[in-house]
Amino acid sequence: MTFLIISQILNGLGLGMLYALVGVGLTLILGVLNIPNFAHGVLYALGAYLAFTIANLTGSFYFAMFLSPLLVVLVGFLLESQGVRRLYHAHHDYQLLFLFACALIIQEIIIIIWGPIGFSLLPPPSLSGAVDLGFLIYPKYRLVLICFALFMIVCLYLFLTKTNLGAILRAGIENRDMVKVLGINVNVVFLYTFGLGAYLAGLAGALSAPIMGLTPSMGLDILPICFVVVVVAGLGSIPGAIIAGILIGLSQGAATIWFPEATNVVIYVMMGLTIIFRPQGLFGVR
Amino acid sequence: MMKNKYSFIALIIFLFVGPFLFPNATIAEMLIFGIVAISTNIMLGYTGMLSFGQALFFGTSAYISGLMLLGGFPLFLAIPVATFGSFIISLFIGYFCVKREGLYFICLTFAFNQMFYFIAYVWHDVTGGEDGLVGVERPAYIDTQLTFYIFTAIMFLFAVIALYKIVTSPLGLIFKLIRENASRAEAIGYNVRFYKLISFSIASTFTGLAGSLYVLIHSMVPIDQIHWLKSGDIIFMTLFGGVGSFLGPLIGVVGYIWLSDTFSIIWARWPLIMGVIFAIVVLYFRGGVSELLENLFKKYKSISKKTEHEQNIKNRKLN
């Protein structure tokens, strides 16, 4: 039983890391651009599918993990520069609808290119198999995933707190108009933010492919989870999104032990509890 | 007032001509989603709240009325119970959602929608899970195509008139006030949250009414009807028609359902085309169809006015 609990907690942690990555991407876009990115889920799916194709073409798993999020960033740039930017002067309902339309389009393109059947992407030999932790034998890829995601989160944290661009992004979340007044080109900031958000979504998608497989509906399924992460975290809070993502992953892992059929509902139970006891979210200010 | 009179006349004409233009199931779907879009507009256009969770009420109510019909209850009991059910749910969910504004409101309604989706998905024994709720039968008295259409049209007219009464009542004015300036409304002494909740609740209750009718069209409730993509479609239909006028959203519904019906026969990947249309509409025709028509009308008017003005100048010069 203890083995089961520990391994499920580790599973939940891995899942939570992925949720944290996607959730932070959504939070960044939400905070800086002030729009809920409805295309975030399909960017995640696109990351996974591109990684699958690149890994099959080149035979290198690591190269796929490197390249596919970057391609997703290009798609993100395209969405921002061609669509969202033209709509800044309009009401944000329309930006939302535009991204919703893009989600439909990319979703269908994924089905057209890769077909409606799911795939699985195997981790490379160096990462497959299991490691003996002494008290527990655990799949190697999942452990590496947890470590790598943690590394990425630390990098992101350092980027946001220690670099100039990071400071501008954080300032953009706090007060967008003030950033504009200080003479910073907001269009560029928005473009980079959208790109960074897309990168995180694509990376999480690519990383998730070996453990969760690829299905055309993966983008549509992850999106509500991202929004729950944002709601639990408190709107626009990046540390909140990281912690909320990990918490939700862990609670899903815990639910797998005791109520396997309720793993998807438990996310919303967490959200419900948050709204009742802390309506502004865990890290929300207002 | 004159404009509304004309659009109501157009509506009545549409109700008579519609069944000859579109197949039976399509026109029924148009009327039912017409109720959804017009009621959503009360919240979106009049009160200025964008909820991304309207499929929740549509789907839940469809499940309730479908289950009651399967359980042998009569239709005239199933519809009110389902509608009342979505009213209660909307009060409960609205209570938490209206506390927050803007983006947070969108996120919350969206997440609640998916919560109900998963409940329907997991609760296989009752809702049929992924297969949807099947085998619901229409009562004998609305089983023929004609009687079913008349029944839907009457329900539709009832809903439209009720919603029109709400919009033109003082309550409708308060909604508009909240949209224009919520803090001023608060200052005058209106409890903004309470009225937002009422607006949310009205929209959701009528959406629920439409959902309870939907189950009769295809004798089933597909689980898609409660998925968040449906909520997006509902928002799009409303905005596509134009939120500026009372009956505008109906144009959006007719256009949307006609287009999706047409494309879904041609190509299995029809949502791609719908997505492209969404994007084009959002980028270039933001006011929706009704505003497009209005602008054309205005342009025509201003051209005729201009020529009149030029004529006057010429006349003056001659004098």
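Every chain's residues receive numbers from 1 upward, in the order its sequence appears when written. The naming scheme follows written order: chains are lettered A onward, ligands numbered 1 onward. For this predicted model, a pLDDT threshold of at least 70 governs which residues receive local features, and a threshold of 80 or more governs which side-chain atom pairs are given and counted, while totals over whole chains, interfaces and linings are taken from all residues.

### Points about the overall build of chain A
Phase 1: Under the scheme used here, helices are H or I runs from DSSP no shorter than 4 residues and strands are E runs no shorter than 2 residues, and both carry numbers assigned from the N terminus. Helices and strands together make up the secondary structure of chain A, namely 11 helices and two strands.
Phase 2: The order of α-helices and β-strands along chain A, N terminus first, is α-α-α-α-β-β-α-α-α-α-α-α-α.
Phase 3: Relative to the globule expectation of 19 Å for 286 residues, the C-alpha radius of gyration of chain A, 19 Å, shows essentially globular dimensions.
Phase 4: Seen through its C-alpha atoms, chain A measures out along the principal axes to roughly 60 × 50 × 35 Å.
Phase 5: With C-beta atoms placed from the backbone, a residue counts as buried when 20 or more other C-beta atoms lie within 10 Å of its own, as exposed when 12 or fewer do, and as partly exposed for counts between those limits. Within chain A, the proportion of its 286 residues that are buried is 50%. The quantity called the radius of gyration is restricted to C-alpha atoms. Its globule counterpart is 2.2 Å times the number of residues to the power 0.38.

### Remarks on the overall build of chain B
Phase 1: A count of helical and extended segments in chain B gives 14 helices and zero strands.
Phase 2: Walking chain B from its N terminus toward its C terminus, one meets helices and strands in the order α-α-α-α-α-α-α-α-α-α-α-α-α-α.
Phase 3: Expected size for 319 residues packed as a compact globule is a radius of gyration near 20 Å; at 21 Å, chain B falls within 12% of this value.
Phase 4: Taken along the three principal axes of its C-alpha coordinates, chain B extends 85 × 50 × 35 Å.
Phase 5: Counting across all 319 residues of chain B, residues that qualify as buried make up 45%.
Phase 6: Sequence separation of 24 or more characterises 78% of the internal contacts of chain B that already satisfy a separation of 6 or more. Contact between two residues is assigned whenever their backbone-derived C-beta positions fall within 7 Å.

### Re helix H11 (residues 228–241) of chain B
Residues and elements named next belong to chain B.
Phase 1: With 14 residues, H11 extends 20 Å between its outermost C-alpha atoms, agreeing within 8% with the 20 Å of an ideal straight helix rising 1.5 Å per residue.
Phase 2: In terms of burial, H11 is largely enclosed, as 13 of its 14 residues are buried.
Phase 3: Gly 242 sits one or two residues past H11 and shows a positive phi near 115°. Expected helix span is taken as 1.5 Å per residue step, with the number of steps being one fewer than the number of residues.

### Section: the interface of chain A and chain B
Phase 1: Counting residues at the interface gives 34 residues for chain A, matched by 32 residues for chain B.
Phase 2: Of all the secondary structure elements, the ones that give two or more residues to the side of chain A that touches chain B are helix H4 (92–114), helix H9 (218–233) and helix H11 (263–277) of chain A.
Phase 3: Under the grouping applied here, Gly and all other residues not named as nonpolar or charged are polar, the nonpolar ones being Ala, Val, Leu, Ile, Met, Phe, Trp, Tyr, Cys and Pro and the charged ones Asp, Glu, Lys and Arg. By residue class, the composition of the side of chain A that touches chain B is 27 nonpolar, three polar and four charged.

### A few points about helix H7 (residues 145–168) of chain B
Because an α-helix completes one turn every 3.6 residues, residues spaced three or four positions apart along the sequence face the same direction.
Residues and elements named next belong to chain B.
Phase 1: The end-to-end C-alpha separation of H7 is 34 Å, in line with the 34 Å expected for 24 residues at 1.5 Å each.
Phase 2: Residues of H7 that are buried include every one of Thr 152, Phe 156, Ala 159, Val 160, Leu 163 and Val 167, and no others.
Phase 3: Of the surrounding secondary structure, the elements contacted by the buried residues of H7 are helix H2 (24–46), helix H8 (170–180) and helix H10 (192–218).

### Points about the confidence of the model for chain B
Phase 1: pLDDT measures the predictor's confidence residue by residue and takes values from 0 up to 100. Mean pLDDT for chain B: 85, with 92% of residues reaching 70 or above.
Phase 2: Overall fold confidence for the complex sits at a pTM of 0.85, while the interface term, ipTM, reaches 0.81.

### Side note on the packing of helix H2 (residues 40–58) of chain A against helix H3 (residues 61–82) of chain A
All names here are of chain A.
Phase 1: Look at H2 against H3: their axes get within 8 Å of each other, and the N-to-C directions meet at 140°. Compared by their axis directions, H2 and H3 come out oblique. Helix-helix and strand crossings are classified by hand; for H2 and H3 the assignment is right-handed. From H2, Leu 43, Leu 46, Gly 47, Leu 50, Ala 51, Ile 54, Ala 55 and Thr 58 reach across to H3, where they touch Phe 61, Phe 63, Ala 64, Met 65, Leu 67, Ser 68, Pro 69, Leu 71, Val 72, Val 75 and Gly 76.
Phase 2: Tallied by class, the residues present in the contact of H2 with H3 amount to 15 nonpolar, four polar and no charged. Axis definition: a line fitted to C-alpha atoms, over the contacting stretch in the case of helices. Angles run 0 to 180 degrees between N-to-C directions. Working rule for angles: under 35 degrees goes down as roughly parallel, over 145 as roughly antiparallel, 65 to 115 as roughly perpendicular, anything else as oblique. Should the near helix be turned anticlockwise from the far one by less than a right angle, the crossing is left-handed, and should it be turned clockwise, the crossing is right-handed.

### So, the packing of H4 of chain A against helix H13 (residues 270–284) of chain B
Phase 1: At their nearest, the axes of H4 of chain A and H13 of chain B sit 8 Å apart, and the two run at 155° to each other. Judged by the inter-axis angle, H4 of chain A sits roughly antiparallel to H13 of chain B. For the pair H4 of chain A and H13 of chain B, the sense of crossing is left-handed. Of the residues in H13 of chain B, those in contact with Tyr 94, Leu 97, Phe 98, Phe 100, Ala 101, Cys 102, Leu 104, Ile 105, Glu 108 and Ile 109 of chain A of H4 of chain A are Pro 271, Leu 272, Met 274, Gly 275, Val 276, Phe 278, Ala 279, Val 282 and Leu 283 of chain B.
Phase 2: Of the residues belonging to the contact of H4 of chain A with H13 of chain B, the class tally is 17 nonpolar, one polar and one charged.

### Comments concerning the environment of Ala 182 of chain B
Phase 1: Examined against the element boundaries, Ala 182 of chain B turns out to sit in helix H9 (residues 182–188).
Phase 2: As for Ala 182 of chain B and Phe 22 of chain B, which are separated by 160 residues in sequence, their C-alpha atoms are 42 Å apart.

### Quick word on unusual backbone geometry
Comment: phi is negative for the bulk of residues other than glycine, and the bulk of peptide bonds are trans.
All names here are of chain A.
Phase 1: Even without being glycine, Asn 34 reaches a positive phi, approximately 65°.
Phase 2: Of note, Asn 34 is situated in the loop between helix H1 (2–33) and H2.
Phase 3: Classification of Asn 34 as partly exposed rests on a count of 17 C-beta atoms within 10 Å.

### Quick notes on the nonpolar core
Phase 1: Under the definition applied here, buried Ala, Val, Leu, Ile, Met, Phe, Trp, Tyr and Cys residues are grouped into a nonpolar core through C-beta atoms within 7 Å. Ranked by size, the top nonpolar core spans 188 residues in total, and within it Val 22, Ala 51, Leu 97, Val 228, Val 229 and Val 230 of chain A together with Ala 111 of chain B carry the most contacts.
Phase 2: If sequence neighbours within four positions are ignored, Val 229 of chain A has contacts with Tyr 19, Gly 23, Ala 241, Ala 244, Gly 245 and Ile 248 of chain A.

### Re the environment of Thr 193 of chain A
Phase 1: As for its position among the elements, Thr 193 of chain A is in helix H8 (residues 186–212).
Phase 2: Along the backbone, Thr 193 of chain A and Glu 174 of chain A are 19 residues apart, and their C-alpha atoms lie at a distance of 14 Å.

### A look at the environment of Pro 271 of chain B
Phase 1: For Pro 271 of chain B, the position within the fold is in helix H13.
Phase 2: Residue classification places Pro 271 of chain B among the buried positions, given that 22 C-beta atoms sit within 10 Å.
Phase 3: In this structure the C-alpha to C-alpha distance between Pro 271 of chain B and Lys 99 of chain B, which are 172 residues apart in sequence, comes to 34 Å.
Phase 4: Those residues in contact with Pro 271 of chain B that sit more than four places away from it in its chain are Leu 104 and Glu 108 of chain A.

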